[in-house]
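Chain by chain, the residues run as shown.
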Amino acid sequence: GRVFRQAGAQLADQSLAADLLPAQAGTHLVEDRAARDREALAKVADVAIEVLLASRPLPVTRLSGDTSVTVPDLQLTAIRLKDAVIIGQAAASDVIGKGEGAAQTATRFDVRDITEATALALMEDMLAGRK
């Protein structure tokens, strides 16, 4: 979130926004939570950023023998809430590359660095697609 705040974004928590949304008269007892979350977010935000985070091992060849390094497998998607259009996407693999080069990059940078670079790549993609 820090990178987005530094770029001037104001962040809202999806679950807190949904909790602030009053229950509407005539709604069913079993609600579609995702729809309610989207509605609540749309009242306080223009864009939702979906973050998918996992990790993956990458092989590294060293003089002492083959080993592996775990790297973040981070995928970010920016979605405009008013019409559900995807306005930007970025992945950690865009930043660190793939294969042996990615493993070497991952040994020089930590998870925070890779996450920050991926967030910046998302913002760059959002600006590139701006009309």
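Before reading on, note that the structure itself is shown above.
Quick summary incoming for the structure in this document. On a predicted model such as this, the values are computed, not experimentally measured, just so you know.

Observations concerning the overall build of the protein
And step 1. Per the secondary structure count, the protein includes 6 helices and 3 strands.
And step 2. N-terminal to C-terminal, the α/β element order of the protein is α-α-α-β-β-β-α-α-α.
And step 3. When each of the 131 residues of the protein is scored for burial, the buried share is 27%.
And step 4. A separation threshold of at least 6 residues defines the contact pool for the protein, and within that pool the share at least 24 residues apart is 51%.

Quick notes on the pattern of salt bridges
Between side chains of opposite charge, a pair can form as their charged atoms come close.
And step 1. For the structure shown, the criterion picks out 2 salt bridges.
And step 2. Residue Glu116 is joined to Arg2 by a salt bridge in which the shortest nitrogen-to-oxygen separation is 3.3 Å. Placement of Glu116 in helix H6 (residues 111-128) and of Arg2 in helix H1 (residues 2-6) is noted, with a sequence separation of 114 residues between them.
And step 3. Residue class for Arg2 comes out partly exposed when judged on its relative accessible area of 44%.

Quick look at the sheet that holds strand S3 (residues 85-91)
And step 1. Across the sheet, 3 strands lie side by side as S1-S2-S3; this open sheet has antiparallel pairing. Of all the strands in the sheet, the pair left with one neighbour each is strand S1 (47-62) and S3. The mean inter-strand angle of the sheet, taken between neighbouring strand axes irrespective of direction, is 15°.
And step 2. Examined bridge by bridge, strand S2 (residues 65-80) and S3 share 6 bridges and lie antiparallel to one another. Across the sheet, the residue bridging to Arg80 is Val85, located in S3.
And step 3. Sheet strands touched by H6: S1, S2 and S3. Its angle to S3, the strand with the most contacts, is close to 145°.

Quick look at H6
And step 1. Between the first and last C-alpha of H6 there are 25 Å, a value that for 18 residues agrees with the 26 Å anticipated at 1.5 Å per step.
And step 2. What H6 keeps buried is the set Ile114, Thr118, Ala119, Leu122 and Met123.
And step 3. Two to three positions downstream of the cap, the backbone nitrogen of Arg112 sits 3.2 Å from a side-chain oxygen, assigning the N-cap of H6 to Asp110.

Rules behind the numbers
- Residues numbered from 1 in each chain as written.
- Predicted model: local features only at pLDDT ≥ 70, side-chain atom pairs only at ≥ 80, totals over all residues.
- Heavy atoms only, no water.
- Helix = DSSP H or I, 4+ residues; strand = E, 2+ residues; numbered from the N terminus.
- Buried < 20%, exposed > 50% of the residue type's maximum accessible area, 1.4 Å probe, protein only.
- Contact = heavy atoms within 4.5 Å.
- Salt bridge = Lys/Arg side-chain N within 4 Å of Asp/Glu carboxyl O.
- Pairing = 2+ DSSP bridges.
- Axes fitted to C-alpha atoms, helices over the stretch in contact; angles between N-to-C directions.
- Expected span 1.5 Å × (residues − 1).
- Polar contact = N/O pair within 3.5 Å; in protein donor to acceptor, adjacent residues only side chain to side chain.

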